[in-house]
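Observations on the three-dimensional arrangement
Spelled out from the first residue to the last, the chains are:
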Amino acid sequence: MQRPQHHPPEDFSLKETSPHLGGGGLTGDKHTSSYDLVEQMQYLYVRVVKAKDLPAKDVTGSCDPYVEVKLGNYKGTTRHFENKSNPEWNQVFAFSKERIQASVVEILVKDKDFVKDDFMGRVWFDLNEVPKRVPPDSPLAPQWYRLEDRKGDKAKGELMLAVWMGTQADEAFPEAWHSDAASVSGDGLANFRSKVYLSPKLWYLRVNVIEAQDLQHVDKAKFPEIYVKAILGNQALRTRVSPSRNTNPLWNEDLMFVASEPFEEHLILSVEDRVGPNKDEILGRCAIPLQAVERRLDYKSVHTRWFNLEKHIIVDGEKKKDGRFASRIHLRICLDGGYHVLDESTHYSSDLRPTAKQLWKQNIGVLEVGILTANGLLPMKIKDGRGTTDAYCVAKYGQKWVRTRTIIDSSTPKWNEQYTWEVYDPCTVITIGVFDNCHLHGGGDKGGAKDSRIGKVRIRLSTLETDRVYTHSYPLLVLHPSGVKKMGEIQLAVRFTCSSLLNMMHIYSQPLLPKMHYIHPLSVTQLDNLRHQAHQIVSMRLSRAEPPLRKEVVEYMLDVDSHMWSMRRSRANFFRIMGVLSGLIAVARWFDQICVWKNPLTTVLIHILFIILVLYPELILPTVFLYLFLIGVWYFRWRPRNPPHMDTRLSHADNVHPDELDEEFDTFPTSRPNDIVRMRYDRLRSVAGRIQTVVGDLATQGERLQSLLSWRDPRATALFVTFCLIAAVVLYVTPFRVVALIAGFYVLRHPRFRHRLPSVPLNFFRRLPARTDSML
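The following paragraphs examine the structure supplied in this document. Not measured: the values here are computed from a predicted model.

With the rule as written, the count across this model stands at 35 salt bridges. R240 is paired through a salt bridge with E253; the nearest N and O atoms lie 2.9 Å apart. In this pair, R240 is assigned in the loop between strand 14 (235-238) and strand 15 (250-260) and E253 in strand 15, connecting sequence segments 13 residues apart. According to the relative accessible area criterion, E253 is buried, its value standing at 18%. Here R296 ties to D336 by a salt bridge, and the two come within 2.8 Å at their closest N and O atoms. With R296 in strand 18 (residues 294-296) and D336 in strand 22 (residues 328-336), the pair connects residues that are 40 residues apart, well separated along the chain. Relative accessible area serves as the criterion here: at 11%, R296 is assigned to the buried category. Here the residues in one salt-bridge network are D659, D662, E663, R672, R680 and R683, joined through shared partners.

Our next topic: the environment of D528. With respect to the helices, strands and loops of the structure, D528 is situated in helix 3 (residues 524-543). You can call D528 partly exposed: its relative accessible area is 41%. It is 9.0 Å that separates the C-alpha atoms of D528 and L342, two residues lying 186 residues apart in sequence. A polar contact of 3.1 Å, which involves the side chain of D528, links it to the side chain of R531.

Right, let's get into the sheet that holds strand 14. The strand order across the open sheet formed by four strands is 14-13-16-17, and the pairing between neighbours is antiparallel. Of all strands in the sheet, those bounded by a partner on one side alone are strand 14 and strand 17 (279-288). Ignoring strand direction, the axes of neighbouring strands in this sheet form an average angle of 20°. Bridge analysis of strand 16 (residues 267-276) against strand 17 gives nine bridges, and the strand direction is antiparallel. In the strand pairing of strand 17, S270 is matched with R285.

Moving on, we get to the packing of aromatic side chains. Each aromatic ring pair is summarised here by two numbers: the centre-to-centre distance and the angle between the ring planes. A complete count under the given rule lists 15 aromatic pairs for this structure. For the pair F574 and F575, a centre-to-centre distance of 5.5 Å together with 80° between the ring planes defines the contact as edge-to-face. Judged by its relative accessible area of 45%, F575 is partly exposed. Ring-pair connections join several aromatic residues into one group, and the members of that group are Y43, Y45, W164 and F173. It is R639 that lies over the ring of F636; its NZ or CZ is 4.0 Å from the centre.

Right, let's get into the nonpolar core. The biggest cluster of nonpolar side chains holds 63 residues, and the ones touching the most others in it are Y204, L367, W401, W421, I430, I490 and L492. Contacts of W421, omitting those with residues within four sequence positions, involve G365, V366, L367, V369, A395, Y397, K400, V402 and I430.

All right, on to unusual backbone geometry then. Outside of glycine, negative phi angles account for most residues, and trans bonds account for most peptide bonds. E261 connects to P262 through a cis peptide bond whose omega is -5°. Take P262: it is sitting in the loop between strand 15 and strand 16. Residue P547 is reached from E546 by a cis peptide bond, and omega for that bond is 0°. For P547, the location among the structural elements is in the loop between helix 3 and helix 4 (551-557). Non-glycine residue N90 carries a positive phi angle of around 50°.

Between its terminal C-alpha atoms helix 3 stretches 29 Å, which fits the 28 Å expected from 20 residues at 1.5 Å a residue. Along helix 3, the residues classified as buried are L527, L530, R531, Q533, A534, H535, I537, V538, S539, R541 and L542. Contacts from the buried residues of helix 3 go to strand 11 (195-198), strand 12 (202-213), strand 14, strand 15, strand 27 (400-403) and helix 4.

Rules behind the numbers
Residues numbered from 1 in each chain as written. Predicted model: local features only at pLDDT ≥ 70, side-chain atom pairs only at ≥ 80, totals over all residues. Heavy atoms only, no water. Salt bridge = Lys/Arg side-chain N within 4 Å of Asp/Glu carboxyl O. Helix = DSSP H or I, 4+ residues; strand = E, 2+ residues; numbered from the N terminus. Buried < 20%, exposed > 50% of the residue type's maximum accessible area, 1.4 Å probe, protein only. Polar contact = N/O pair within 3.5 Å; in protein donor to acceptor, adjacent residues only side chain to side chain. Pairing = 2+ DSSP bridges. Axes fitted to C-alpha atoms, helices over the stretch in contact; angles between N-to-C directions. Phe/Tyr/Trp six-rings, centres within 6.5 Å; stacked < 30°, edge-to-face > 60°. Lys NZ or Arg CZ within 6 Å of the ring centre and 35° of its normal. Core = buried A, V, L, I, M, F, W, Y, C linked by side-chain atoms within 4.5 Å. Contact = heavy atoms within 4.5 Å. Expected span 1.5 Å × (residues − 1).

Here is the structure:
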């Protein structure tokens, strides 16, 4: 067996890097700094706290003060207060050291005016005299400084400040005003900063609709066709029409919803009667608050409850409650906490825990990711007549989403931000996406702008060695209607630390999903519908955060459109299957070469090994496992040293036909002209026809096996039964070793004793009948 060789194009390959992590050399040991997986970035921090005793500048005897922090060409301002001589700002300004071109930082206090702002005083610091702060040292205490006029003389008023040099590990970094964002307006500043988001806690809501009693319907002459409609938020499901055509209908049907905490919406149940085509009459309705619903952690039965149904009548154009109405509905309803609510693609799940926290097991380790830099990002939009990119990253693992700050107008952004996640299962995937921010310069939601996709990286934790720092540059590949395109590269530092090797090894023996998925499994259709609802809930909830994590970002990270048809993806999956079977095919070819004596020496050795195994059959299983052990040890020298990354050749994205790409990027439903849709439909029918033929052939072989003893062909079954009787007698009186030797030598016989015609058993099997004769 030869080891497969695979060499991706150099431009799309993974590259190992050697960044200057933690401010020191890269070693395998864990650094003491909490930011040991990123390069240190130096910043000058200025915290403006408050002022007192400011002089009055206006004619009215009042002042509207604000502070301006000036460092070279960069200038940041605080908000201003009206008519206040003792204002409090408590704002922090951060200036990147690598862009500093001045030796002095000035803090100016000014009075806001309609015509020209008045100068009230200033404080200045020589950058060489600014102290350095290294976390985990406590923050620098602010001090009072007397204001000076432009000549350096003392002026009226004092300003409380703290000025220090620090890194991005400083507590003040996330909320500080950054000199890199000096061109961003106040509205867009919230979209600039880094943030951490949490996915909403999702539950499966199971509603078992049992029966209803004492329903009243208008048309007494017809049999009622009664069903129940259930609505939760934007989810709507209905039961089948009750088979019992009376006013006490019976359903006993399960409806499943996705609910999210906090439970803001009620479950609305309405019992309706189908009185005509597209015409339904509401016989009663009830609203159930989810806070009062029982929470179930296992498969134990939940108590049933009767709920009163209310009917509203129209009186003088107003909806009023009918007090005489006394119908009720029988339900078994619960929040199932023993399931994991699937909101991601099953291939790239980052979390497999059940909803109920009581069922969580102890974490097995910690995942740390340093988002360092990106290189060669392509321009994503046009600003002032030139291409530009405002890039930020989003990383998603478990319920925790992180978003880096946006680097303005740079094709080589440097984030150097580090994040940590708890790991509960190593067979999970972290997804890191890069996006272009289109909401910084007032082009926000009103213009319908969407953040553009630059690319993403997936890393499966089980492919990482523990306690090793992986530093690589990953290609950012995106499939466009014109073909696959490299949008740039992102440099990451990743470390998976295991707290207990024994616990992690034990995880491999456990079911992938919580046990409720196996004890009371949900159907494939149910899971698809529930996953779609979970996508929408997560997307809506995160888009309501401040700043929002927008819908297009969440959908790209969750692979919402991964289930759509793609000729390219289907072809790629076919060749993946062929790659899996290639090992078996190679073994079959090798054995065929042994049987035809292509290499006589090898064939003789196989004969000797075969004789030994027949004479000593107790050696068969030890030999097989020893052989597998030796293969594993031999392959250890070629073990993968790098994390997996996007492969254009495996995805069949490097040579895909333009029409297939256009079909993949088509909307659903389609928006293409009729002739193109007709051509694609015919092609799809052709592909589906070949798949149908293959499936039919597999079914035929299985049915032929069944027909051996079914007497569908009485002569064939009689021959087979007679053969079985003779074989039983022969095997009973003949030692097994003799039979095995004869059979083995027959299979390994020399080519001069072979015929090119198919063997007798194969001829017999192909003549057996299948159920294809009964197919229409």
